[in-house]
Every structure is written in C-alpha cells, then in structure tokens.
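If you want the building blocks of each chain, they are given just below.
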Amino acid sequence: MKKKKSFSKLYLYGAIGCIAVIAIVGYIYCFSSFSKSSNTEYVYIDSDDNIDSVYNKLRPFAKSIPFQAFKTLTLHSGYADHIRTGRYAIAPGDGALKTWRHMKNGLQEPVSLTIPSVRTLDKLSDEIGKKMMFGSNDLYYALRDESVCQKYGYDTATIACMFVPNTYDLYWNISVDKFLERMKKESDKFWNFERTEKAKAMKLTPVEIITLASIVDEETANNGEKPMIAGMYYNRLMLRNAEYPEGMPLQADPTIKYAWQRFDLKRIYNNLLSIKSPYNTYKNPGLPPGPIRIPSVAGIDAVLNHVHHDYLYMCAKEDFSGTHNFARTYDEHLQNAAKYSKALNERGIK
C-alpha cells in the first residue's frame, strides 16, 4: 500500500514536472522576447514581400528560438498566403506570438509624418516618399494631374496650399488617394472659423493668404518680423491709384528666384527681371498663380495677423541680421538699398 502511494506521488510529481517543463519551453518558445535589441524595432512589409522576404527582414534582430516559433505559427496559420503590408513595431519583451498576431492581423504602428516647408512639388513628393510606402513618383504624378487637383478644389499651381506643415500620424501603407484625402481634411481643419474670418476681412481667399505667406517666408526666417513684412506686401497688394490702377506690383525678389528655379541666387540683378513668367511679380500685378513654397504656420498666421502700417518698401539690413529696413517713399528705399548694396560689395557677394 505504501509502495502504491509512493508510486502515485512519484507519478504526480513527474507529471507536474513535465507540465512545468512544457510550460517553460512554451513560454520561451512563444512569449519570451522576440528581439535581441533593447530598442523597439520596426519591420516594413510592402506589397512585393513574400514569406521568405518577411523572414529575412526579421532575422537580423530576432532571437533563434522565438524566430522558430514565429515560423511555426506562420506554417500553421496561412499567413504566408495573406501577408499584410504595414509598419510593425516589435518592442523589447514582445514575444513571437504577439509579433505574429500583429503582423497577421495588420495591427501596425503609424508613422509620424511632418509635412516639410519646401519650395517645389517634386521636393515635397521626394521628402514624403522617403517615409511612406507609396513612391515619390506616385505622389508627384498625382500632384501634377489637373483632374486630381480639381477633386480637392485646387489646380496644379495651388495644390501645395492643401499641405499644412504640421506633424500627422499616418499608416505607412496608406494609398496616395487616402493620403491626399487626409491632407484635405487637415487643411479644412486648419482653416477654422477664426482664420477664415480674418482672411475674409482682408478680402483674400485662403489660397491667396497662403500664396502671400510663401513670399513672406522666403523673405525672412525671423518669425517676429514676418507680420511686418506681410503688412508691407499687403499694402502693395491693396494699393489703387492713378499710377497703379491694378495695384502696385509686389516686386518680390523670391518670386524671381522661383520663376528661374534658381534658389541659390544671392542678388537679383535687372537682367533677371525680364523673365516671362506668371511668377514674375515685377512684371505682373497682384499675387503669383500659387505659392512659391509650402509656407510655415507662422508665415500663414503672420499674414492673417499682419501689422497695420503705411510702409510700401523694404530692403535687407546692411548688418546681415536677416531683418529689414522699411520705407514709406521710394527715395527712402533707394537710400536703404544703397547701404545694403555697399555691404554686399564689401563682402564680395555677387
């Protein structure tokens, strides 16, 4: 009888031990940290990936046993036939089961995408394309397609107005169409009641506000001075007299750089002012057809909150501080321009 009890206890302890071993092995296999890294790793699965390329993307940082567990789960789940694109986060401590489940179900991590304040659509497309699954060419062709732009209320010259340079959380595998829809929603949100009413009070549309802001941003990086510069250009835009029945030309040097696509120019000489372009604000009154860059939020708000003054001219200060001397008359402006030109010559800037 005692032998039977001893045997039963031994059997029980053995069974418990086996279960414990199985539990430990199962934990190591499925729940121990998948990644060798102490940082969160991100795996980008695109539409060209197959199961072998998925394994190759995981292998560099995966631990051996959890990696085998992932492959086993894949083998018995049909994941290889239904690979989902996306950006997947694998944090320290995430096991093979969690990693597999997220990738199988498409539970991806969003990308924090900052819309850059750049000058051209090709540069915008290039910068965004670096961070999203769709290629830069796909976005660029969409932005140059008149029918696509019209869908959102713009044309190819004004579509840049739809991009407000803030940071947005987006899924990496979002399509170009869905991306543009999101940008339209964010633009509509940005143009809230307060901003819209300020634009109406200035008798300008949001597109015109953004176009003017793009010029202001090109004139200075000094946010504190932007409302002053915006006020000067607004005065020119609104001026109507015998000399300027259509308004005083903006005569904005940055628009000449844009017309020539020569953004490295340090000085604007008279021979550059004859270019035939709708962006030549020396020849054409009013605003150019669209923005000459994606302006900053500070630039847009500087226009909406411009300083009310009676200056019509400005010239960069001769101390190269990045700020400007303002003038009410052309004679005063010529004096300021002469000081700046002298400073340029002394520094050998051409």
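Below, the structure is looked at part by part. (Residues numbered from 1 in each chain as written. Predicted model: local features only at pLDDT ≥ 70, side-chain atom pairs only at ≥ 80, totals over all residues. Heavy atoms only, no water.)

Some words on the pairing of strand β4 (residues 167-170)
Stage number 1. Judged by which residues are buried, β4 turns out to be one-sided: Y168 and L170 face inward and are buried, whereas T167 and D169, on the alternate face, are not.
Stage number 2. One ladder, built from 4 bridges, connects strand β3 (residues 111-114) with β4; its direction is antiparallel. Bridging across to β4, S112 finds its partner in D169. (Buried < 20%, exposed > 50% of the residue type's maximum accessible area, 1.4 Å probe, protein only. Helix = DSSP H or I, 4+ residues; strand = E, 2+ residues; numbered from the N terminus. Pairing = 2+ DSSP bridges.)

What to know about the side chain of T158
Stage number 1. As for its placement among the helices and strands, T158 is situated in the loop between α7 (146-151) and β4.
Stage number 2. Among residues more than four places away in sequence, those in contact with T158 are V207, P289, G290 and P291. (Contact = heavy atoms within 4.5 Å.)

Points about unusual backbone geometry
Stage number 1. The phi dihedral of Q251 falls on the positive side, at around 45°, and the residue is not glycine.
Stage number 2. Here Q251 shows up in the loop between α11 (226-238) and α12 (253-260).
Stage number 3. Even without a glycine there, the phi angle at Q261 is positive, about 55°.
Stage number 4. If you trace the backbone, Q261 turns up in the loop between α12 and α13 (297-304).

Details of the pattern of salt bridges
Stage number 1. Applying the stated criterion across every chain, the model contains 17 salt bridges.
Stage number 2. The salt bridge involving E186 is made with R182; its shortest N-O contact spans 2.8 Å. Pair noted here: E186 and R182 are both in helix α8 (residues 176-190), with a separation of 4 residues, about one helical turn.
Stage number 3. For E186, a relative accessible area of 13% gives the class buried.
Stage number 4. Taking the shortest distance from any N to any O, the salt bridge between K342 and E346 comes out at 2.5 Å. Placement of the pair is K342 and E346 together in helix α14 (residues 330-347), with a separation of 4 residues, close to one helical turn.
Stage number 5. Residue E346 is classed as exposed on the basis of its relative accessible area of 58%.
Stage number 6. One salt-bridge network, held together by shared partners, links K123, D126, E127 and K130. (Salt bridge = Lys/Arg side-chain N within 4 Å of Asp/Glu carboxyl O.)

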